[in-house]
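Fold and contact review
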Amino acid sequence: MNIKLVKDCQKFDIELIIVNNLNKVNKKDKNLLKLSGFTAQENQSSFLSCNKKYYIGASSLKGEDLKIAFSNAVVGLKQFNAKIIKISLKSNDKEYALEELIEGLLLGSYEFNKYKSKTKEKKLDIVLDIENSSKTFQELEKNLNKTIAICSSVNLTRNIVNTTPEDYYPQTMANDAKKIAKKDFLECKVFGEDYLLKNDMNAMLSVGRASRHESQLIHLTYKPKKETKRKIVIVGKGLTYDSGGLSLKSSEGMLSMKCDKSGASAVLGIMNTLKDVNCPYEVHGIIGAVENMIGGNAYKPDDVLKAKNGTTIEVRNTDAEGRLVLADCLCYAQDEIKDIDYIFDIATLTGACLIALGEYTTGVMGHSEKLKKKIAKASKKSGELVAFLPYNRYLFDLIKSNVADISNTSSSRAGGTITASMFLDKFIKKENKQKWLHFDIAGPAYKEKPWGYNPCGASGTGVRLILNFIENLK
Ligand code: BES
Ligand code: ZN
Ligand code: ZN
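Parameters and conventions
- Residues numbered from 1 in each chain as written.
- Chains lettered and ligands numbered in written order.
- Predicted model: local features only at pLDDT ≥ 70, side-chain atom pairs only at ≥ 80, totals over all residues.
- Heavy atoms only, no water.
- Donors = N, O, S within 2.8 Å, 3.2 Å for Na, K, Ca; no water.
- Tetrahedral: all angles 85-135°; square planar, octahedral: opposite > 155°, others 65-115°.
- Helix = DSSP H or I, 4+ residues; strand = E, 2+ residues; numbered from the N terminus.
- Buried < 20%, exposed > 50% of the residue type's maximum accessible area, 1.4 Å probe, protein only.
- Contact = heavy atoms within 4.5 Å.
- Near = heavy atom within 4 Å.
- Polar contact = N/O pair within 3.5 Å; in protein donor to acceptor, adjacent residues only side chain to side chain.
- Areas by Shrake-Rupley, 256 points an atom, 1.4 Å probe, with all protein chains shown as cover.
- Nonpolar A, V, L, I, M, F, W, Y, C, P; charged D, E, K, R; others polar.
- Salt bridge = Lys/Arg side-chain N within 4 Å of Asp/Glu carboxyl O.
- Patch = residues over 30% accessible without salt bridge, like charges linked within 9 Å, V, L, I, M, F, W, Y side chains within 5 Å.
- Domains from an automatic or database assignment.
- Buried area = accessible area lost by both parts, 1.4 Å probe.

Let us now look at the coordination of the zinc ion (ligand 2). Every protein donor of the zinc ion (ligand 2) is listed here as Asp 242 (OD), Asp 319 (O), Asp 319 (OD) and Glu 321 (OE), and their distances to the metal cover 2.0 to 2.2 Å. Each of the 6 donor atoms around the zinc ion (ligand 2) contributes to a set of angles spanning 72 to 168°, which defines the coordination as irregular. Here the donor residues for the zinc ion (ligand 2) map to a single chain with the spacing D-x76-D-x1-E. Separating the zinc ion (ligand 2) from the zinc ion (ligand 3) is a distance of 3.2 Å, and Asp 242 supplies a donor atom to each of them. With Asp 242 in strand E11 (residues 231–242) and Asp 319 in the loop between strand E14 (312–314) and helix H10 (322–336), this residue pair connects regions lying 77 residues apart in the sequence. The buried category is assigned to Asp 242, whose relative accessible area is 3%.

With that settled, the discussion passes to the coordination of the zinc ion (ligand 3). Protein-derived coordination of the zinc ion (ligand 3) comes from Lys 237 (NZ), Asp 242 (OD), Asp 260 (OD) and Glu 321 (OE), at a distance range of 2.0 to 2.4 Å. Coordination at the zinc ion (ligand 3) is octahedral, judged from the 6 donor atoms that bind it and the angles of 77 to 174° they form at the metal. Ordering the donors of the zinc ion (ligand 3) by residue number gives the pattern K-x4-D-x17-D-x60-E.

In this structure, Lys 67 sits in helix H2 (residues 63–76). Each C-alpha atom, one on Lys 67 and one on Gly 108, is 8.3 Å from the other, the two residues being 41 residues apart in sequence. Residues contacting Lys 67, with those up to four places away along its chain left out, are Glu 100, Glu 103, Gly 104, Lys 381, Ser 382, Gly 383, Tyr 453 and Arg 464.

Attention now goes to helix H14 (residues 416–425). Each α-helix winds once per 3.6 residues, and so residues spaced three or four apart point in a common direction. Of all 10 residues that make up H14, 10 are buried, and the element is covered over most of its length. Regarding H14, the residues found buried are Gly 416, Thr 417, Ile 418, Thr 419, Ala 420, Ser 421, Met 422, Phe 423, Leu 424 and Asp 425.

All right, on to the site of ligand 1 then. Taken together, 15 residues surround ligand 1, and among them Lys 249, Asp 260, Asp 319, Glu 321 and Gly 351 come closest. A distance of 3.2 Å separates an oxygen atom of ligand 1 from a polar side-chain atom of Lys 237. Between Glu 321 and ligand 1, the recorded distance is 2.9 Å, taken from a side-chain N or O atom to an oxygen atom. Protein chains shield 77% of the accessible area of ligand 1, which is 510 Å² for the free molecule. Here the residues of the shell around ligand 1 are counted per class, giving 3 nonpolar, 5 polar and 7 charged.

Before going further, it helps to spend a moment on the pattern of salt bridges. In total, this model carries 23 salt bridges according to the counting rule given. Across the pair Glu 103 and Lys 67 runs a salt bridge, and its minimum N-O distance is 3.0 Å. Of this pair, Glu 103 sits in helix H3 (residues 98–108) while Lys 67 sits in helix H2, placing them 36 residues apart in sequence. Across this residue pair, the class does not change: Glu 103 and Lys 67 are buried. Lys 308 is the salt-bridge partner of Asp 335, the closest N and O atoms lying 2.8 Å from each other. Placement of Asp 335 in helix H10 and of Lys 308 in the loop between strand E13 (304–306) and E14 is noted, with a sequence separation of 27 residues between them. Residue classification places Asp 335 among the partly exposed residues on the basis of a relative accessible area of 29%. Overall, Lys 308 belongs to the buried group, its relative accessible area being 19%. Counted as one network, the salt bridges with shared partners bring together Glu 64, Lys 67, Glu 103 and Arg 464.

Right, let's talk about a nonpolar patch on the surface for a bit. Taken together, Leu 246, Leu 248 and Ile 294 make up a surface patch of nonpolar side chains, about 260 Å² in accessible area. Note that Leu 248 resides in the loop between E11 and helix H8 (251–254). Judged by its relative accessible area of 46%, Leu 248 falls in the partly exposed class.

With that out of the way, let us pick up the domain arrangement of the chain. For the chain, the assigned domains read domain 1 (2–135) and domain 2 (149–471). Using only C-alpha atoms to locate each centre, domain 1 and domain 2 end up separated by 37 Å. Taken together, the contact pairs 12 residues of domain 1 with 16 residues of domain 2. Both sides of the domain 1 and domain 2 interface together cover about 1,300 Å² of buried area, and 62% of this is carbon and sulfur. On the domain 1 side of the contact with domain 2, Leu 107, Tyr 110 and Tyr 115 bury the most area, a combined 48% of that side's loss. We note a salt bridge from Glu 103 to Arg 464, for which the minimum N-O separation is 2.8 Å. If you list the elements that add at least two residues to the side of domain 1 that touches domain 2, you get H2 and H3. Tallied by class, residues from the side of domain 1 that touches domain 2 come to 6 nonpolar, 2 polar and 4 charged.

Below you can see the structure in the form of C-alpha coordinates.
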(Lines give C-alpha, C1' and ligand atoms only; values in the text may rest on other atoms or scores of the structure.)
(Ligands and ions follow the chains in the order given, each with its own letter.)
Protein backbone atom coordinates (compact mmCIF):
# COMPACT_ATOMS: atom_id res chain seq x y z
CA MET A 1 0.00 0.00 0.00
CA ASN A 2 1.26 3.45 -0.95
CA ILE A 3 0.08 6.42 1.05
CA LYS A 4 0.43 9.99 -0.21
CA LEU A 5 -0.60 13.24 1.41
CA VAL A 6 -2.14 15.69 -1.07
CA LYS A 7 -4.05 18.90 -1.04
CA ASP A 8 -7.19 18.72 -3.16
CA CYS A 9 -7.11 15.30 -4.78
CA GLN A 10 -8.96 15.20 -8.11
CA LYS A 11 -7.86 11.92 -9.67
CA PHE A 12 -9.11 8.73 -8.03
CA ASP A 13 -11.06 5.53 -8.73
CA ILE A 14 -13.06 5.35 -5.49
CA GLU A 15 -13.62 7.76 -2.64
CA LEU A 16 -13.89 6.20 0.79
CA ILE A 17 -16.29 7.72 3.29
CA ILE A 18 -16.74 6.56 6.88
CA VAL A 19 -20.07 7.43 8.52
CA ASN A 20 -21.67 6.73 11.86
CA ASN A 21 -24.86 8.68 11.17
CA LEU A 22 -26.80 8.84 7.91
CA ASN A 23 -27.99 12.34 8.72
CA LYS A 24 -24.46 13.60 8.09
CA VAL A 25 -24.68 12.47 4.46
CA ASN A 26 -26.02 14.71 1.65
CA LYS A 27 -29.64 14.14 0.72
CA LYS A 28 -29.11 12.39 -2.60
CA ASP A 29 -26.56 9.93 -1.24
CA LYS A 30 -28.61 9.38 1.88
CA ASN A 31 -31.62 8.27 -0.16
CA LEU A 32 -29.52 5.94 -2.28
CA LEU A 33 -27.84 4.49 0.81
CA LYS A 34 -31.18 3.96 2.52
CA LEU A 35 -32.40 2.17 -0.58
CA SER A 36 -29.44 -0.20 -0.41
CA GLY A 37 -30.22 -1.04 3.21
CA PHE A 38 -27.21 0.85 4.59
CA THR A 39 -27.82 2.33 8.04
CA ALA A 40 -24.21 3.31 8.92
CA GLN A 41 -23.65 0.45 11.37
CA GLU A 42 -20.19 -1.05 11.87
CA ASN A 43 -19.58 -3.89 9.36
CA GLN A 44 -21.93 -2.32 6.79
CA SER A 45 -20.81 -0.90 3.47
CA SER A 46 -22.41 0.42 0.33
CA PHE A 47 -20.90 1.50 -2.99
CA LEU A 48 -22.62 4.22 -5.00
CA SER A 49 -21.48 3.69 -8.57
CA CYS A 50 -23.03 6.99 -9.71
CA ASN A 51 -20.42 9.05 -7.84
CA LYS A 52 -17.77 6.40 -7.03
CA LYS A 53 -18.30 6.79 -3.29
CA TYR A 54 -17.78 3.78 -1.04
CA TYR A 55 -19.57 4.29 2.28
CA ILE A 56 -18.47 2.35 5.36
CA GLY A 57 -20.42 2.23 8.60
CA ALA A 58 -18.75 2.93 11.96
CA SER A 59 -19.73 2.93 15.63
CA SER A 60 -17.96 6.27 16.08
CA LEU A 61 -15.38 8.31 14.22
CA LYS A 62 -12.51 7.91 16.65
CA GLY A 63 -10.31 5.43 18.48
CA GLU A 64 -10.78 1.71 17.93
CA ASP A 65 -14.10 2.31 16.16
CA LEU A 66 -12.40 4.36 13.49
CA LYS A 67 -9.52 1.89 13.07
CA ILE A 68 -11.99 -0.97 12.65
CA ALA A 69 -14.00 1.03 10.12
CA PHE A 70 -10.91 1.76 7.99
CA SER A 71 -9.84 -1.85 8.34
CA ASN A 72 -13.28 -3.02 7.12
CA ALA A 73 -12.99 -0.51 4.28
CA VAL A 74 -9.67 -1.81 3.07
CA VAL A 75 -10.87 -5.42 3.26
CA GLY A 76 -14.03 -4.44 1.36
CA LEU A 77 -11.99 -2.66 -1.30
CA LYS A 78 -10.45 -5.99 -2.33
CA GLN A 79 -13.64 -6.85 -4.23
CA PHE A 80 -13.22 -3.82 -6.52
CA ASN A 81 -10.92 -3.26 -9.42
CA ALA A 82 -9.82 0.08 -8.10
CA LYS A 83 -6.26 1.31 -7.61
CA ILE A 84 -6.37 4.93 -6.49
CA ILE A 85 -8.41 5.48 -3.34
CA LYS A 86 -9.22 8.93 -2.06
CA ILE A 87 -9.79 9.60 1.63
CA SER A 88 -10.44 13.07 3.02
CA LEU A 89 -8.76 13.60 6.37
CA LYS A 90 -11.45 16.11 7.20
CA SER A 91 -15.01 15.45 6.17
CA ASN A 92 -18.25 16.94 7.49
CA ASP A 93 -16.20 19.24 9.72
CA LYS A 94 -14.73 16.22 11.50
CA GLU A 95 -10.98 15.69 11.25
CA TYR A 96 -9.84 12.12 11.75
CA ALA A 97 -6.76 11.33 13.82
CA LEU A 98 -4.26 10.49 11.09
CA GLU A 99 -2.62 7.78 13.22
CA GLU A 100 -5.92 5.95 13.74
CA LEU A 101 -6.85 6.14 10.08
CA ILE A 102 -3.47 4.82 8.91
CA GLU A 103 -3.36 2.09 11.58
CA GLY A 104 -6.77 0.83 10.44
CA LEU A 105 -5.62 0.74 6.82
CA LEU A 106 -2.19 -0.80 7.34
CA LEU A 107 -3.08 -3.33 10.02
CA GLY A 108 -6.39 -4.21 8.37
CA SER A 109 -4.92 -4.81 4.91
CA TYR A 110 -2.30 -7.31 6.13
CA GLU A 111 -2.33 -10.70 4.43
CA PHE A 112 -0.02 -13.65 5.00
CA ASN A 113 0.43 -15.30 1.63
CA LYS A 114 3.86 -16.91 2.00
CA TYR A 115 2.48 -20.41 1.50
CA LYS A 116 -0.20 -19.71 -1.11
CA SER A 117 0.86 -20.74 -4.61
CA LYS A 118 -1.54 -18.30 -6.26
CA THR A 119 -2.09 -14.86 -4.78
CA LYS A 120 -3.85 -11.84 -6.11
CA GLU A 121 -2.49 -9.21 -3.78
CA LYS A 122 -3.47 -5.80 -5.04
CA LYS A 123 -1.42 -2.76 -4.18
CA LEU A 124 -3.60 0.22 -3.44
CA ASP A 125 -2.56 3.85 -3.79
CA ILE A 126 -4.13 5.77 -0.94
CA VAL A 127 -4.39 9.47 -1.59
CA LEU A 128 -5.04 11.24 1.67
CA ASP A 129 -6.59 14.60 0.98
CA ILE A 130 -5.43 16.95 3.73
CA GLU A 131 -7.33 20.02 2.54
CA ASN A 132 -8.55 22.13 5.52
CA SER A 133 -6.58 20.07 8.07
CA SER A 134 -5.80 21.88 11.32
CA LYS A 135 -2.26 20.50 11.19
CA THR A 136 0.67 21.56 9.00
CA PHE A 137 1.93 19.34 6.21
CA GLN A 138 5.13 18.72 8.19
CA GLU A 139 3.22 17.61 11.29
CA LEU A 140 1.04 15.28 9.26
CA GLU A 141 4.02 13.85 7.39
CA LYS A 142 5.87 13.20 10.65
CA ASN A 143 2.83 11.40 12.12
CA LEU A 144 2.40 9.43 8.92
CA ASN A 145 5.99 8.23 8.92
CA LYS A 146 5.85 7.28 12.59
CA THR A 147 2.63 5.33 12.12
CA ILE A 148 3.95 3.57 9.03
CA ALA A 149 7.06 2.54 11.00
CA ILE A 150 4.99 1.12 13.86
CA CYS A 151 2.51 -0.71 11.61
CA SER A 152 5.32 -2.17 9.48
CA SER A 153 6.81 -3.58 12.67
CA VAL A 154 3.47 -5.04 13.79
CA ASN A 155 3.20 -6.69 10.37
CA LEU A 156 6.80 -7.91 10.60
CA THR A 157 5.95 -9.52 13.95
CA ARG A 158 2.86 -11.11 12.37
CA ASN A 159 4.96 -12.49 9.50
CA ILE A 160 7.46 -14.06 11.90
CA VAL A 161 4.78 -15.66 14.09
CA ASN A 162 2.84 -16.98 11.08
CA THR A 163 5.90 -18.65 9.56
CA THR A 164 5.87 -22.43 10.05
CA PRO A 165 8.10 -24.15 12.61
CA GLU A 166 9.79 -26.04 9.76
CA ASP A 167 10.90 -22.71 8.28
CA TYR A 168 11.37 -20.79 11.50
CA TYR A 169 13.59 -22.13 14.24
CA PRO A 170 15.94 -20.52 16.78
CA GLN A 171 18.68 -19.81 14.23
CA THR A 172 16.17 -18.20 11.85
CA MET A 173 15.18 -15.89 14.67
CA ALA A 174 18.83 -15.08 15.36
CA ASN A 175 19.33 -14.27 11.67
CA ASP A 176 16.30 -11.97 11.70
CA ALA A 177 17.69 -10.21 14.77
CA LYS A 178 21.01 -9.71 12.95
CA LYS A 179 19.20 -8.30 9.90
CA ILE A 180 17.29 -5.80 12.02
CA ALA A 181 20.50 -4.86 13.82
CA LYS A 182 22.34 -4.28 10.55
CA LYS A 183 19.56 -2.13 9.11
CA ASP A 184 19.17 0.05 12.22
CA PHE A 185 22.74 0.06 13.61
CA LEU A 186 21.80 -1.91 16.71
CA GLU A 187 24.23 -4.01 18.66
CA CYS A 188 23.42 -7.71 18.30
CA LYS A 189 24.88 -10.57 20.30
CA VAL A 190 23.85 -14.16 19.61
CA PHE A 191 24.87 -17.03 21.89
CA GLY A 192 24.47 -20.76 21.24
CA GLU A 193 24.32 -23.74 23.59
CA ASP A 194 28.04 -23.62 24.52
CA TYR A 195 27.43 -20.23 26.05
CA LEU A 196 24.32 -21.45 27.92
CA LEU A 197 26.30 -24.36 29.33
CA LYS A 198 29.27 -22.22 30.36
CA ASN A 199 27.02 -19.62 31.97
CA ASP A 200 24.91 -22.02 34.03
CA MET A 201 21.74 -21.38 32.05
CA ASN A 202 20.66 -24.94 32.58
CA ALA A 203 16.92 -24.23 32.69
CA MET A 204 16.83 -22.75 29.19
CA LEU A 205 19.35 -25.29 27.90
CA SER A 206 17.28 -28.26 29.09
CA VAL A 207 14.10 -27.17 27.29
CA GLY A 208 15.80 -27.25 23.88
CA ARG A 209 17.77 -30.44 24.43
CA ALA A 210 15.63 -32.78 22.30
CA SER A 211 15.42 -30.39 19.38
CA ARG A 212 17.55 -30.77 16.27
CA HIS A 213 17.84 -26.98 16.30
CA GLU A 214 20.36 -25.30 18.58
CA SER A 215 18.87 -22.91 21.14
CA GLN A 216 19.83 -19.26 20.75
CA LEU A 217 20.08 -16.46 23.26
CA ILE A 218 19.68 -13.20 21.39
CA HIS A 219 20.55 -9.76 22.79
CA LEU A 220 19.80 -6.63 20.75
CA THR A 221 20.72 -3.17 22.04
CA TYR A 222 19.46 0.16 20.77
CA LYS A 223 21.37 3.23 21.93
CA PRO A 224 20.04 6.70 21.13
CA LYS A 225 22.34 9.32 19.59
CA LYS A 226 22.16 11.49 22.68
CA GLU A 227 23.41 9.96 25.92
CA THR A 228 20.50 8.77 28.09
CA LYS A 229 20.06 7.62 31.66
CA ARG A 230 16.93 5.56 30.95
CA LYS A 231 17.32 1.85 30.31
CA ILE A 232 14.45 -0.38 29.26
CA VAL A 233 14.78 -4.16 28.98
CA ILE A 234 12.27 -6.36 27.17
CA VAL A 235 12.61 -10.13 27.38
CA GLY A 236 10.62 -12.33 24.96
CA LYS A 237 9.62 -16.01 25.04
CA GLY A 238 10.73 -17.43 21.71
CA LEU A 239 9.48 -21.02 21.61
CA THR A 240 9.67 -21.52 17.85
CA TYR A 241 7.60 -24.62 18.55
CA ASP A 242 6.04 -25.99 21.72
CA SER A 243 5.07 -29.64 21.38
CA GLY A 244 4.83 -29.79 25.18
CA GLY A 245 7.92 -32.02 25.35
CA LEU A 246 7.48 -35.39 27.09
CA SER A 247 4.37 -33.99 28.82
CA LEU A 248 3.15 -33.98 25.24
CA LYS A 249 0.28 -31.75 24.20
CA SER A 250 -2.86 -33.23 22.63
CA SER A 251 -3.17 -32.95 18.83
CA GLU A 252 -5.60 -30.12 19.32
CA GLY A 253 -3.47 -28.38 21.92
CA MET A 254 -0.37 -28.60 19.76
CA LEU A 255 -2.04 -27.06 16.74
CA SER A 256 -0.96 -23.42 16.31
CA MET A 257 1.96 -23.74 18.75
CA LYS A 258 4.14 -21.97 16.19
CA CYS A 259 2.58 -18.99 17.96
CA ASP A 260 4.70 -19.71 21.04
CA LYS A 261 7.35 -17.39 19.62
CA SER A 262 4.97 -14.41 19.74
CA GLY A 263 6.67 -12.70 22.71
CA ALA A 264 10.08 -12.86 21.08
CA SER A 265 8.59 -11.77 17.75
CA ALA A 266 7.06 -8.74 19.46
CA VAL A 267 10.50 -7.92 20.89
CA LEU A 268 11.91 -8.02 17.34
CA GLY A 269 9.04 -5.79 16.17
CA ILE A 270 9.73 -3.26 18.91
CA MET A 271 13.50 -3.24 18.29
CA ASN A 272 12.78 -2.77 14.56
CA THR A 273 10.96 0.53 15.26
CA LEU A 274 13.18 2.39 17.72
CA LYS A 275 15.49 4.06 15.22
CA ASP A 276 12.61 5.16 12.99
CA VAL A 277 10.76 6.81 15.86
CA ASN A 278 13.99 8.29 17.21
CA CYS A 279 13.56 6.69 20.65
CA PRO A 280 15.51 8.72 23.24
CA TYR A 281 16.16 5.79 25.63
CA GLU A 282 18.49 2.80 25.67
CA VAL A 283 16.45 -0.33 24.94
CA HIS A 284 17.58 -3.94 25.26
CA GLY A 285 15.68 -6.76 23.56
CA ILE A 286 16.51 -10.21 24.92
CA ILE A 287 15.15 -13.38 23.40
CA GLY A 288 15.28 -17.01 24.43
CA ALA A 289 14.77 -18.87 21.14
CA VAL A 290 14.20 -22.57 21.77
CA GLU A 291 12.24 -25.50 20.36
CA ASN A 292 10.46 -27.79 22.87
CA MET A 293 10.47 -31.32 21.41
CA ILE A 294 10.47 -34.97 22.42
CA GLY A 295 13.17 -37.64 22.05
CA GLY A 296 15.65 -39.76 23.95
CA ASN A 297 17.55 -36.67 24.96
CA ALA A 298 14.50 -34.73 26.14
CA TYR A 299 14.33 -33.19 29.61
CA LYS A 300 11.89 -34.99 31.82
CA PRO A 301 9.22 -34.48 34.44
CA ASP A 302 11.08 -35.26 37.75
CA ASP A 303 14.30 -33.60 36.58
CA VAL A 304 15.74 -30.88 38.79
CA LEU A 305 17.33 -27.99 36.90
CA LYS A 306 19.56 -25.23 38.21
CA ALA A 307 18.90 -21.78 36.75
CA LYS A 308 21.55 -19.09 36.22
CA ASN A 309 20.87 -17.48 39.63
CA GLY A 310 21.38 -20.82 41.42
CA THR A 311 17.68 -21.50 42.07
CA THR A 312 16.84 -25.19 41.68
CA ILE A 313 13.64 -26.07 39.84
CA GLU A 314 11.68 -29.31 40.00
CA VAL A 315 10.24 -30.09 36.57
CA ARG A 316 6.76 -31.48 37.05
CA ASN A 317 5.54 -30.74 33.55
CA THR A 318 7.75 -30.21 30.49
CA ASP A 319 4.94 -28.19 28.88
CA ALA A 320 5.53 -25.42 31.42
CA GLU A 321 8.74 -24.68 29.50
CA GLY A 322 8.32 -20.97 28.78
CA ARG A 323 8.94 -20.00 32.39
CA LEU A 324 12.17 -22.06 32.40
CA VAL A 325 13.49 -20.23 29.34
CA LEU A 326 12.39 -16.85 30.69
CA ALA A 327 13.91 -17.56 34.11
CA ASP A 328 17.41 -17.81 32.63
CA CYS A 329 16.85 -14.93 30.22
CA LEU A 330 15.68 -12.69 33.07
CA CYS A 331 18.78 -13.66 35.07
CA TYR A 332 20.99 -12.95 32.05
CA ALA A 333 19.37 -9.54 31.53
CA GLN A 334 19.85 -8.48 35.16
CA ASP A 335 23.43 -9.77 35.33
CA GLU A 336 24.49 -8.09 32.09
CA ILE A 337 22.60 -4.80 32.30
CA LYS A 338 23.16 -2.50 35.24
CA ASP A 339 20.81 0.21 36.50
CA ILE A 340 17.70 -0.98 34.71
CA ASP A 341 14.70 1.39 34.81
CA TYR A 342 12.08 -0.96 33.42
CA ILE A 343 12.21 -4.69 32.82
CA PHE A 344 9.34 -6.37 31.02
CA ASP A 345 8.86 -9.91 29.83
CA ILE A 346 6.35 -10.83 27.18
CA ALA A 347 5.21 -14.38 26.55
CA THR A 348 2.48 -16.74 25.40
CA LEU A 349 2.86 -18.32 28.82
CA THR A 350 -0.39 -19.92 29.95
CA GLY A 351 -3.59 -21.27 28.43
CA ALA A 352 -5.15 -20.28 31.77
CA CYS A 353 -4.87 -16.62 30.73
CA LEU A 354 -7.51 -17.19 28.03
CA ILE A 355 -9.80 -18.77 30.58
CA ALA A 356 -9.30 -15.89 33.01
CA LEU A 357 -9.61 -12.94 30.65
CA GLY A 358 -11.04 -14.21 27.38
CA GLU A 359 -8.97 -14.51 24.26
CA TYR A 360 -8.51 -10.82 23.38
CA THR A 361 -6.81 -9.50 26.50
CA THR A 362 -3.21 -9.50 27.68
CA GLY A 363 -2.73 -10.38 31.36
CA VAL A 364 -0.31 -8.03 33.10
CA MET A 365 1.26 -8.82 36.46
CA GLY A 366 3.84 -7.24 38.73
CA HIS A 367 4.42 -5.46 42.03
CA SER A 368 4.33 -1.78 41.04
CA GLU A 369 0.91 -0.16 40.90
CA LYS A 370 2.52 2.98 39.46
CA LEU A 371 3.96 1.03 36.56
CA LYS A 372 0.66 -0.75 35.94
CA LYS A 373 -1.02 2.65 35.67
CA LYS A 374 1.42 3.61 32.93
CA ILE A 375 0.58 0.41 31.09
CA ALA A 376 -3.15 1.08 31.50
CA LYS A 377 -2.58 4.42 29.76
CA ALA A 378 -0.59 2.79 26.96
CA SER A 379 -3.40 0.26 26.59
CA LYS A 380 -6.00 2.99 26.17
CA LYS A 381 -3.88 4.88 23.67
CA SER A 382 -2.78 1.90 21.61
CA GLY A 383 -6.09 0.05 21.73
CA GLU A 384 -4.41 -3.17 22.92
CA LEU A 385 -6.54 -4.69 25.66
CA VAL A 386 -4.94 -5.43 29.03
CA ALA A 387 -6.14 -6.52 32.46
CA PHE A 388 -4.16 -6.73 35.67
CA LEU A 389 -4.13 -9.95 37.66
CA PRO A 390 -3.45 -9.71 41.41
CA TYR A 391 -0.93 -11.61 43.53
CA ASN A 392 -1.69 -12.90 47.00
CA ARG A 393 0.27 -14.78 49.66
CA TYR A 394 -1.77 -18.01 49.31
CA LEU A 395 -1.06 -18.45 45.63
CA PHE A 396 2.69 -18.06 46.27
CA ASP A 397 2.57 -21.28 48.32
CA LEU A 398 1.34 -23.32 45.34
CA ILE A 399 4.67 -23.36 43.50
CA LYS A 400 6.61 -24.80 46.45
CA SER A 401 8.48 -28.04 45.77
CA ASN A 402 9.30 -30.96 48.05
CA VAL A 403 12.61 -31.67 46.34
CA ALA A 404 13.87 -28.35 44.95
CA ASP A 405 13.63 -24.61 45.67
CA ILE A 406 10.60 -24.25 43.45
CA SER A 407 8.33 -26.26 41.15
CA ASN A 408 7.69 -25.33 37.52
CA THR A 409 3.98 -26.00 37.94
CA SER A 410 1.44 -25.01 40.53
CA SER A 411 -0.23 -27.68 42.68
CA SER A 412 -3.57 -26.23 41.54
CA ARG A 413 -4.84 -25.38 38.05
CA ALA A 414 -6.79 -22.46 39.46
CA GLY A 415 -4.92 -19.18 39.06
CA GLY A 416 -2.44 -20.73 36.60
CA THR A 417 -1.56 -17.41 34.98
CA ILE A 418 -0.76 -15.75 38.29
CA THR A 419 1.28 -18.67 39.65
CA ALA A 420 3.30 -18.75 36.40
CA SER A 421 4.08 -15.09 36.94
CA MET A 422 5.02 -15.82 40.56
CA PHE A 423 7.48 -18.40 39.28
CA LEU A 424 9.13 -15.67 37.18
CA ASP A 425 9.17 -13.36 40.20
CA LYS A 426 11.68 -15.74 41.84
CA PHE A 427 14.17 -14.68 39.17
CA ILE A 428 13.72 -10.94 39.57
CA LYS A 429 16.39 -9.32 41.74
CA LYS A 430 15.23 -7.37 44.77
CA GLU A 431 16.31 -4.04 43.31
CA ASN A 432 14.26 -4.70 40.16
CA LYS A 433 10.99 -5.91 41.73
CA GLN A 434 9.26 -2.54 41.31
CA LYS A 435 10.61 -2.17 37.77
CA TRP A 436 9.32 -5.46 36.43
CA LEU A 437 6.10 -6.42 34.68
CA HIS A 438 5.08 -9.70 33.10
CA PHE A 439 2.81 -9.71 30.02
CA ASP A 440 0.96 -12.95 29.25
CA ILE A 441 -0.19 -12.67 25.62
CA ALA A 442 -1.37 -16.29 25.17
CA GLY A 443 -4.88 -15.03 24.30
CA PRO A 444 -4.52 -12.19 21.80
CA ALA A 445 -1.23 -13.17 20.12
CA TYR A 446 -2.77 -15.66 17.70
CA LYS A 447 -6.26 -16.63 16.61
CA GLU A 448 -7.66 -18.70 13.76
CA LYS A 449 -10.22 -16.03 12.94
CA PRO A 450 -10.05 -12.32 12.18
CA TRP A 451 -11.04 -9.82 14.91
CA GLY A 452 -11.23 -6.04 14.60
CA TYR A 453 -8.29 -4.98 12.47
CA ASN A 454 -6.44 -8.21 13.21
CA PRO A 455 -6.31 -10.92 10.57
CA CYS A 456 -6.66 -14.67 10.96
CA GLY A 457 -3.38 -15.86 12.56
CA ALA A 458 -0.86 -13.66 14.36
CA SER A 459 -1.90 -10.22 15.60
CA GLY A 460 1.43 -8.66 16.58
CA THR A 461 0.23 -8.14 20.16
CA GLY A 462 2.58 -6.18 22.42
CA VAL A 463 4.35 -4.13 19.77
CA ARG A 464 2.04 -1.10 19.83
CA LEU A 465 1.38 -1.39 23.57
CA ILE A 466 5.04 -1.31 24.60
CA LEU A 467 6.06 1.26 21.96
CA ASN A 468 3.27 3.46 23.27
CA PHE A 469 4.52 3.02 26.83
CA ILE A 470 8.03 4.02 25.72
CA GLU A 471 6.76 7.00 23.72
CA ASN A 472 4.89 8.39 26.72
CA LEU A 473 7.72 8.07 29.26
CA LYS A 474 8.81 11.39 30.61
N1 BES B 1 2.74 -22.22 25.20
C2 BES B 1 1.89 -22.70 26.20
C3 BES B 1 0.76 -21.73 26.56
C4 BES B 1 -0.24 -21.38 25.49
C5 BES B 1 -1.48 -22.00 25.46
C6 BES B 1 0.03 -20.40 24.55
C7 BES B 1 -2.40 -21.65 24.49
C8 BES B 1 -0.91 -20.05 23.59
C9 BES B 1 -2.13 -20.68 23.57
C10 BES B 1 2.68 -22.99 27.48
O11 BES B 1 3.99 -23.36 27.30
C12 BES B 1 1.99 -24.12 28.17
O13 BES B 1 1.88 -25.16 27.59
N14 BES B 1 1.52 -23.87 29.38
C15 BES B 1 0.82 -24.85 30.13
C16 BES B 1 1.26 -24.73 31.57
C17 BES B 1 0.85 -25.87 32.44
C18 BES B 1 1.55 -27.14 32.00
C19 BES B 1 1.19 -25.54 33.85
C20 BES B 1 -0.68 -24.62 29.98
O21 BES B 1 -1.09 -23.46 29.81
O22 BES B 1 -1.43 -25.57 29.98
ZN1 ZN C 1 4.23 -25.46 26.92
ZN1 ZN D 1 4.91 -22.64 25.56
